[in-house]
Amino acid sequence: MPTTSITYDDKTVRRFMTASIFWGIIGMLVGVLAATQLSWWQMNGKFLEMLSFGLLKSEGLSYITFGRIRPLHTNAVIFAFVGNMVFAGVYYSTQRLCRVRTASDWLSRIHFWGWQLIIVGAAVTLPAGLTRGKEYAELIWPLNIGVVVIWVIFGVNFFWTLAKRNERSLYVSLWFYIATIVTIAMLYVVNHLSLPTSLVHSYPIFGGVQDGLVQWWYGHNAVAFFLTTPILGIMYYFLPKAADRPVYSYRLSIIHFWALVFIYIWAGPHHLLNTSLPQWLQTLGMLFSLMLWAPSWAGMLNGLLTLRGAWDKLRTDPVIKFFATAVTFYGMATFEGPLLSIRAVNALSHYTDWTIGHVHSGALGWNGFMAAGMFYWLAPRLWKTKLWSTTLANMHFWIGLVGILLYVAAMWVAGITQGLMLSETNPGGATLKYEFVETLRSINIHYALRAFGGTLYLVGFLLGAVNIYMTARSGKATDDTVEVEIMVTGKKHRMTLKEAFSGDPVIYLVLSHLFMVLWFFLPPHADKAALLVAIGLGIKGVIVFRANPGSWATYFSRLIENHLPFTILIFITAAVGGVVQIIPSLLVNRAANVEDRVQEIYTPLELAGRDIYVAEGCYNCHSQMIRTLVPDVLRYGPGPTEGYSRLGESIYDHPYQWGSKRTGPDLSREGGALVTGSTVMRLGKRDNLWHFNHLIDPRQTSPGSNMPPYAFLFEAKADVKSLPGKIAAQSTLGVPWPAMTKDAIEQSARDQGFEIATALVKAGAFLPGKPDLSPELLRRELAETEGVALIAYLQKIGAYHTVGKPALKPAPALDPDATRATTR
């Protein structure tokens with residue numbers, strides 16, 4: 001067989017690795033700042049006054065408030081730190097698994113610099129308050145397009161490399177990389193579909209429950225296919241290399257891979273349990289989350305058992321220490337995830353810091369330690385030298401591990417404590433024992449411990465960065481050159497798409513799953529028949545497999561020699577869950593079909609206020625969804641016109657703002673009815689002056705609050721000029737705005753602003769920085785500010801009108817709840 005000499009492109013690997021370490025430090029530093037803000041509100045900008053000895057006078061700095069930098073932290077860690085780490089691992093291992101240099105150096109360079117440019121764009125726009133208002137999907141639409149373009153370039157370069165490979169079969173790591181590329185592309189494009197209103201603003205095309213469902217279909221699976229599957233691919237390549245042992249079980253790898261890709265995509269609705277999301281979706285989300293235990297632990301066990309015979313290296317090799325601990329954290333996080341998806345457990349944990357602890361055990365333990373292990377293994381090879389200091393690497397490990405454990409333990413205790421306190425009732429059970437702010441005070445010490453643990457983890461990571469830097473300095477950047485056998489094109493096994501899709505494994509799996517889906521959707525009796533057919537097909541498949549197991553093995557061997565049909569099968573396997581969940585929701589969940597309440601349309605000024613609410617990231621602390629749980633209803637409004645949030649109450653919200661964390665109370669019942677004699681101004685639970693004072697100084701109205709001061713909102717003018725374009729965009733998306741001219745929209749906003757400002761001045765409001773303003777000047781000063789627009793929105797949240805059930809239209813046939821009685 002002819003051979004050729006190949007020099008791998010390791011320069012790209014070094015670039016991505018360096019970028020990962022740099023952005024990791026930035027992302028963790030921002031995380032530490034955000035963590036301290038929850039214990040000390042002064043860390044939102046007031047601390048600069050102390051650091052500058054009074055030169056900088058500010059109660060709060062808008063660019064670093066918690067609501068703005070929390071998305072910066074999550075995006076920096078997920079897409080900058082882990083993203084660059086993944087690309088480094090993929091570029092290094094793919095070349096060696098395919099025994100070929102990456103197809104295009106030019107595409108590799110565009111990929112690297114384009115990705116860094118997007119990260120810089122995020123670092124500028126998010127602190128500026130430019131956001132889409134959806135967790136892990138906050139980037140504005142021009143950056144979204146940039147991400148898609150760069151991802152496509154990455155995908156083209158990857159698949160082109162596969163096509164040129166000199167290896168017949170695709171190794172396990174490549175399966176996970178393929179699943180990552182095609183699934184992230186699908187998730188990202190669907191969740192980021194938006195209608196722009198300007199260069200820096202857009203509205204998601206989905207609203208209310210549809211937006212919530214699509215968001216968590218994306219959000220949960222960003223965890224699955226950006227933070228899990230590529231890292232598993234890296235684990236399957238680098239762990240056996242480091243341990244000098246083969247993967248424990250190839251068969252377990254196959255089961256692990258296909259089960260993970262199929263099941264994960266269905267589990268997103270577990271983020272919306274006990275909400276107004278339709279019951280069948282909640283049930284599906286919980287069931288598939290529980291099923292995730294099996295493939296996740298299969299992967300963990302396969303990783304740990306690969307270390308059999310090499311456990312002694314744990315004492316001396318920091319790479320093995322990081323890898324083994326990372327895989328263990330993967331097992332812990334994937335045990336905890338399904339546990340939290342059980343409705344009863346979720347009722348306690350959701351909206352508390354337990355979820356934050358769960359996420360960080362995965363991010364710090366699984367992703368962070370895998371990255372460290374891979375960097376320590378790669379650095380000596382990329383610079384052709386030895387690791388500069390094993391002692392420093394061991395210090396990194398132990399400091400980081402203590403940091404993680406402190407962090408996670410603090411969040412577990414804080415979350416469970418707050419969850420229990422929020423549900424505890426007084427004797428008799430008719431009223432709740434604790435105010436929200438009391439629960440916050442009780443967990444403040446845990447917030448401080450969390451900040452300390454995070455700081456330790458950052459210190460450990462800095463030690464790692466120094467070690468890698470010194471290792472690089474002690475060696476010389478060198479690209480590996482190897483002699484490889486050229487695989488003759490004619491000898492590559494070709495499998496047609498027809499062959500791929502007509503194989504017995506595919507036929508039996510597709511048909512049995514199709515009837516399983518019908519079991520959920522069909523009316524009574526027909527659903528049972530579908531279930532029986534599904535079971536029968538499953539049994540028949542087992543019989544066929546046992547009769548000739550070699551044919552199934554041959555089919556799979558041929559499949560992984562042909563990356564095109566293999567990729568298409570992966571895409572279909574991953575996509576089916578999303579299709580089954582999202583399509584019915586788009587068809588059914590419309591204003592005409594909601595159960596009894598439909599949201600009131602905002603006025604122009606209220607819409608401006610809502611956009612400010614979104615821009616300030618208020619959803620990072622406040623939810624707008626009262627769950628169907630008794631304590632939630634007792635706390636936020638047990639009256640006949642209040643109660644739990646209905647699906648229709650947010651059906652026109654683009655984006656939805658149900659939130660996933662309550663550092664502050666829920667705001668769903670904050671709004672109220674029109675003030676007598678006014679056509680626009682509303683009065684909710686609290687008057688305008690309370691909201692004004694709360695925004696100027698939250699401690700003035702809520703002693704013990706850790707909310708940042710938002711006095712700067714009363715120094716900036718609300719963007720009234722953009723409202724006509726925004727309202728036109730919302731009308732296009734189906735929000736039934738009344739017909740209004742551009743002038744009428746702007747005049748309406750000004751009129752409502754003056755009305756609220758007049759009420760504030762009459763009630764005694766004053767600006768601390770301008771206490772001497774006359775009432776008329778103060779009214780003019782306040783009327784056009786962002787603060788007044790935000791008050792207008794806060795006074796409208798949750799406003800609805802009722803619709804009678806007899807007026808409901810028959811639900812389409814694909815609505816599972818239409819044929820089953822549902823109870824709350």
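Residues numbered from 1 in each chain as written. Predicted model: local features only at pLDDT ≥ 70, side-chain atom pairs only at ≥ 80, totals over all residues. Heavy atoms only, no water.

(A) Up close: the packing of aromatic side chains. On inspection of all chains with the given rule, the structure shows 51 aromatic pairs. Consider the rings of Phe16 and Phe112, whose centres lie 5.1 Å apart with planes at 80 degrees: the pair is edge-to-face. One end of the pair, Phe16, is in helix 1 (residues 10-39); the other, Phe112, is in helix 4 (residues 105-125), with 96 residues separating them in the sequence. Assessed through its relative accessible area of 0%, Phe16 is described here as buried. By relative accessible area, Phe112 is classed as buried at 6%. Taking 6.3 Å as the distance between ring centres and 20 degrees as the angle between the ring planes, the aromatic pair formed by Phe257 and Phe566 counts as stacked. Of this pair, Phe257 sits in helix 9 (residues 250-264) while Phe566 sits in helix 22 (residues 563-588), and the two are 309 residues apart along the sequence. (Phe/Tyr/Trp six-rings, centres within 6.5 Å; stacked < 30°, edge-to-face > 60°. Helix = DSSP H or I, 4+ residues; strand = E, 2+ residues; numbered from the N terminus. Buried < 20%, exposed > 50% of the residue type's maximum accessible area, 1.4 Å probe, protein only.)

(B) Highlighting the pattern of salt bridges. Overall, the coordinates contain 33 salt bridges when judged by the stated rule. Glu424 is paired through a salt bridge with Lys433; the nearest N and O atoms lie 3.5 Å apart. Using a relative accessible area of 40% as the deciding quantity, one classes Lys433 as partly exposed. What you see here is one network of salt bridges that share partners, running through Asp10, Arg96, Lys384 and Asp480. (Salt bridge = Lys/Arg side-chain N within 4 Å of Asp/Glu carboxyl O.)

(C) Summary view of the nonpolar core. Among the nonpolar cores identified, the biggest contains 224 residues, and Phe566, Phe692 and Leu782 are the most heavily contacted of them. Per element, the largest residue contribution to this core is 18 residues, and it comes from helix 3 (residues 66-98). Excluding anything up to four places from it in sequence, Phe692 contacts Phe714, Leu760, Ala765, Phe766, Leu767, Leu782 and Ile791. (Core = buried A, V, L, I, M, F, W, Y, C linked by side-chain atoms within 4.5 Å. Contact = heavy atoms within 4.5 Å.)

(D) A look at the UniProt feature "binding site: Cu cation" (unreviewed entry) in the protein. Look at the UniProt record and you will see "binding site: Cu cation" (unreviewed entry) annotated at His220, His270 and His271. For the residues just named, distributed over 52 residues, the greatest C-alpha separation is only 9.0 Å, placing them together at one site. Within the fold, His220 resides in helix 7 (residues 208-225). Taking the relative accessible area as the measure of exposure, His220 reaches 8% and is therefore buried. Excluding residues that lie within four positions of it along the chain, His220 makes contacts with Tyr264, Ala267, Gly268, His270, His271 and Leu292. The topology assignment puts His270 in the loop between helix 9 and helix 10 (279-291). Ignoring anything within four residues of it in the chain, the contact list for His270 reads His220, Gly285, Ser289, Ser341 and Asn346. (UniProt positions renumbered as here; feature names shortened; annotations may be inferred.)

(E) Here's a closer look at the packing of helix 28 (residues 742-763) against helix 29 (residues 775-783). Contact geometry of helix 28 with helix 29 gives a least axis separation of 8 Å together with a crossing angle of 135 degrees. Between helix 28 and helix 29, the crossing angle belongs to the class labelled oblique. Here helix 28 and helix 29 pass one another in a crossing that is right-handed. Contacts from Gly753, Phe754, Ala757, Thr758, Leu760 and Val761 of helix 28 reach helix 29 at Pro775, Leu778, Arg779, Arg780, Leu782 and Ala783. In the contact of helix 28 with helix 29, the residues fall into eight nonpolar, two polar and two charged. (Axes fitted to C-alpha atoms, helices over the stretch in contact; angles between N-to-C directions. Parallel < 35°, antiparallel > 145°, perpendicular 65-115°, else oblique. Left-handed = near helix turned anticlockwise from the far one by under 90°. Nonpolar A, V, L, I, M, F, W, Y, C, P; charged D, E, K, R; others polar.)

(F) Broad picture of the UniProt feature "binding site: heme b 2; high-spin" (unreviewed entry) in the protein. Mapped onto the present numbering, the UniProt feature "binding site: heme b 2; high-spin" (unreviewed entry) falls on His358. On the secondary structure map, His358 appears in helix 14 (residues 353-382). Setting aside chain neighbours within four positions, we find His358 in contact with Ala333, Glu336, Gly337 and Leu340.

(G) Highlighting unusual backbone geometry. Put simply, His654 and Pro655 share a cis peptide bond, and its omega is 0 degrees. Its location among the elements puts Pro655 in the loop between helix 24 (630-636) and strand 6 (673-674). Non-glycine residue Asn274 carries a positive phi angle of around 65 degrees. Residue placement: Asn274 occurs in the loop between helix 9 and helix 10. Positive phi, normally seen in glycine, also occurs at Tyr351, with a value near 75 degrees. Structurally, Tyr351 is set in the loop between helix 13 (343-349) and helix 14.

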